Amino acid sequence: MKQFWKSMLKSPSGVIGLIILLLAISVAVFGPMLFPNSPWRMVQRPFLPPFTLSAVPLGTDALGRDVFAGMIFGARVSLLVGLVSTLVALLVGVPIGAMAGYFGGKVDDALMRFTEFFQTIPSFALAIVLVAILQPSIYSIVASIAVVSWPPVARLVRGEVLSLRTREYVQAAVVTGQSNTWIILREILPNALSPVIVLASLMVATAILLESSLSFLGLGDPNLISWGYMVGAGRTVIRQAWWITVFPGVAILISVLGLNLIGEGLNDALNPRLSREGR
Amino acid sequence: MLSFVAQRVLKGVIVLLAIVVLNFFLIRLAPGDPAVVMAGEAGASDQIFVKQLREKFGLDKPLPEQLFIYVKGVVTLDLGFSFRQQAPVAKLIGERLPATLLLTLTAFAISLMLGILFGTFAARFAGTFLDTAITIFALIFYAMPIFWVALMGILLFSVTTDWLPSFGYETVGANLTGLGHVVDVVKHLIMPAMTLGLFFMATYTRMTRASMLEVKRLDFVKTARAKGLSDAVIQRRHVLRNALLPVVTLAGVHSGTLIGGAVITETVFAWPGIGRLMYDALLQRDYNLLLGVFVICSAMVLIFNLITDLVYRLVDPRIEFAS
């Protein structure tokens, strides 16, 4: 573990990414306490340009709502959706990949065809259809992002398990009569973890992008403010008020960039062999 | 070669059928009567239309029979009727498809060309300022949401400078013909295609760079160098050719994302393609149209994947078609 942090802190992209993520998390956690302005309430005249009043530093939108407050509350939604949908995708993808790799043969064939099928479907189009049909809410958004993002996990885990399965220590566990579940959970998966962690950090970034795109199209949770929703709402008035679309977009850009950098840092730290390769 | 193509086409058809079946169940996921759901918000109040839908899809019959009727309809290209637009879904999609193909293929070509170009430069000058600059730009473009890039483009090139039109496929009411019309469409195409292309350009840049650095260390490159070949020739003929293989694979994997990006790009730029059609269907909760577009998008991805598979095998003679 110490070794891990050492090499993680050695990679510049990892450090920058960690700083950005920590910032984003603290904004999401503490921001709403420090700036209790509701992002939905009208606080000033509409279209107040940024940097004119210190109470509303980033100006107001078409309805006189505080853009800065929206950005702070939006951080919660973006990060939460990103993390939870990635977790759900892992919960689906890891068991499928592990079973396919461990049991092989027909089980592997069936599960991999199933995975490939989901991989062929255009993911964003499926996410749109799912959220539209299930009605937009934070649950349907998390579910649809998870549905479109688990296949790469399954494929990655399968590959790892496939190679670990033939190792001697696993054979030893088989000979001593351990159950399959025990072997998969205790012997194999812990050793297949590092590439999964790298992938997961990148998946959080993709999930944030997906959520913002869905919200931008008007498929966000109607009760929660999010960055994508803000950009979508500011789109029609971009000629009069550039700030409504620019600032939330920068927030998305910075968070996604931070997570991608963490992914690179993790890759360098966890898979030193592969660190030369990009993605 | 032929048997390989036949095999791939067959596989594609099976996947497409599976997607159609998935579609069938998706409609039934929605809360409420499927006929009402299909009719959409506008049509649902029209009892006659709902009754027609119920009869047409046999919604009072057992589920397997319903599935059969639905699949038969889609196979004969009958994707249903859009109550909102008062036209068959297949016709609506057919009208919009060329615009989407123009947009996605242009974006794809731009991203691939620029991506390979920048990636090659970065690898050639690895470790220098140029490499760092390209890498940072690629990272930033990779993290930008497409809709935001589109809006920033509009802000920069339409609002501030008025260089490019911010929406549509052609100038409305200009009635241009011949070359004038082509120029007009190209002007309208530049921003959407660049927007959609930038994200993928970033991906291909990173991939090409990584892949070229990888290939560079291989033995056959050392051999080429030992033979006294010039650096330029080695880069072009030996390194780049081999480094492009993973890039082609990635292009195939990305076709689905490309279509998804087209939905957003077309929405922002009011580009009259199937992506915009999907957004309209979404706004009006026109599920029949929405699912129709979804099936066609999936079919496009399958065809694109088939093409990249073929290209891959043409580029890499080591892979045999028989496998």
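Remember, it's a predicted structure, so these values are computed and weren't measured experimentally.

> Would you mind going over the interface of chain B and chain A with me for this structure?
Interfaces are frequently sized by the accessible area removed from exposure as the parts join. The partner chain A presents 34 residues to the 44 residues of chain B that form the contact. Counting only elements with at least two residues in the side of chain B that touches chain A, the list comes to α1 (2-29), α6 (129-143), α7 (146-160), α8 (178-216), α11 (255-269), α12 (274-283) and α13 (287-315) of chain B. With nine residues, α13(B) is the single largest residue contributor to the side of chain B that touches chain A. Considered class by class, the residues forming the side of chain B that touches chain A number 35 nonpolar, six polar and three charged.

> Help me understand unusual backbone geometry in this model?
Peptide bonds are trans in most cases, and residues, glycine excluded, mostly fall at negative phi. Even without being glycine, Gln135(A) reaches a positive phi, approximately 70 degrees. Inspection of the secondary structure assignment puts Gln135(A) in the loop between α5 (123-134) and α6 (138-149). Non-glycine residue Ala270(B) carries a positive phi angle of around 50 degrees. For Ala270(B), the position within the fold is in the loop between α11 and α12. For Ala270(B), a count of 14 C-beta atoms within 10 Å translates into the label partly exposed.

> So what exactly am I meant to see when it comes to the environment of Trp150(A) here?
In this fold, Trp150(A) is placed in the loop between α6 and α7 (151-164). When near neighbours in sequence (up to four residues on either side) are disregarded, Trp150(A) contacts Ala89(A), Val92(A) and Gly93(A).

> Would you mind going over helix α9 (residues 180-188) of chain A with me for this structure?
The α-helix winds at 3.6 residues per turn, so residues separated by three or four positions along the chain end up facing the same way. Residues and elements named next belong to chain A. Within the sequence span of α9, burial applies to Ile183, Ile184 and Ile188. Looking down the long axis of α9, one finds its buried residues gathered within 95 degrees of arc, a one-sided arrangement. Facing away from the buried surface of α9 by more than 90 degrees, the exposed residues are Thr181, Trp182, Leu185 and Arg186. Residues of α9 that are buried make contact with α3 (67-103), α7 and α8 (168-175).

> Help me understand the UniProt feature "transmembrane region" (unreviewed entry) in chain A, please; the structure alone is not making it clear to me.
Residue and element names in this part refer to chain A. According to UniProt, the "transmembrane region" (unreviewed entry) feature falls on residues 12-35, 80-104, 124-148, 196-220 and 240-263. For residues 12-35, the end-to-end C-alpha separation is 32 Å, with 96% helix and 0% strand making up the annotated structure. What you have in residues 80-104 is 96% helix and 0% strand, and the ends, taken at the C-alpha atoms, are 35 Å apart.

> Help me out: how do you make sense of the packing of α3(A) against helix α4 (residues 105-120) of chain A in this one?
Angle between the axes and distance between the axes are the two parameters that describe a pair of packed helices. Residues and elements named next belong to chain A. α4 packs onto α3 with a crossing angle of 145 degrees between their chain directions and a minimal axis gap of 7 Å. The handedness of the crossing between α3 and α4 is left-handed. Across from Ile96, Met99, Ala100 and Phe103 in α3, the residues of α4 making contact are Gly105, Val107, Asp108, Leu111, Met112 and Thr115. Per-class residue counts for the contact of α3 with α4 are seven nonpolar, two polar and one charged.

> Any chance you could explain helix α9 (residues 219-226) of chain B here in plain terms?
Across the eight residues that make up α9(B), only a small minority, zero, are buried. Among the residues trailing α9(B), Gly228(B) stands out with phi positive, at a value near 90 degrees.

> Just to check I follow, could you spell out the UniProt feature "transmembrane region" (unreviewed entry) in chain B for this structure?
Residues and elements named next belong to chain B. In this numbering, the UniProt entry assigns the feature "transmembrane region" (unreviewed entry) to residues 12-30, 101-122, 134-157, 189-207, 243-269 and 289-312. Annotated as 100% helix and 0% strand, the span residues 101-122 places its first and last C-alpha atoms 31 Å apart. Taken end to end, residues 289-312 has its terminal C-alpha atoms 34 Å apart, with 100% of it in helix and 0% in strand.

> Please clarify how the UniProt feature "domain: ABC transmembrane type-1" (unreviewed entry) in chain A should be interpreted in this entry.
Annotation from UniProt places "domain: ABC transmembrane type-1" (unreviewed entry) at residues 75-263 of chain A. Between the C-alpha atoms that bound residues 75-263 of chain A there is a distance of 20 Å. The span itself is 81% helix and 0% strand.

> What is the right way to look at the nonpolar core in this model?
When a protein is soluble and globular, its nonpolar side chains tend to lie buried together. Counting residues in hydrophobic clusters, the biggest one holds 171 residues, and the most contacted among them are Ala127(A), Ile128(A), Val129(A), Met278(B), Leu290(B) and Val293(B). It is α3(A) that contributes the most residues to this core, 18 residues altogether. Both of domain 1 (1-76) and domain 2 (96-282) of chain B provide at least three residues apiece to this core. If near-sequence neighbours (up to four positions away) are discounted, Met278(B) is found in contact with Ile128(A), Val263(B), Leu290(B) and Val293(B).

> How should I be thinking about the UniProt feature "domain: ABC transmembrane type-1" (unreviewed entry) in chain B in this particular structure?
The feature "domain: ABC transmembrane type-1" (unreviewed entry), as annotated in UniProt, sits at residues 97-312 of chain B in this numbering. Helix makes up 83% of residues 97-312 of chain B and strand makes up 0%, while its end C-alpha atoms are separated by 26 Å.

Conventions adopted
- Residues numbered from 1 in each chain as written.
- Chains lettered and ligands numbered in written order.
- Predicted model: local features only at pLDDT ≥ 70, side-chain atom pairs only at ≥ 80, totals over all residues.
- Contact = placed C-beta atoms within 7 Å.
- Helix = DSSP H or I, 4+ residues; strand = E, 2+ residues; numbered from the N terminus.
- Nonpolar A, V, L, I, M, F, W, Y, C, P; charged D, E, K, R; others polar.
- Buried ≥ 20, exposed ≤ 12 C-beta atoms within 10 Å, placed from the backbone.
- Arc of directions from axis to C-beta.
- UniProt positions renumbered as here; feature names shortened; annotations may be inferred.
- Axes fitted to C-alpha atoms, helices over the stretch in contact; angles between N-to-C directions.
- Left-handed = near helix turned anticlockwise from the far one by under 90°.
- Core = buried A, V, L, I, M, F, W, Y, C linked by C-beta atoms within 7 Å.
- Domains from an automatic or database assignment.

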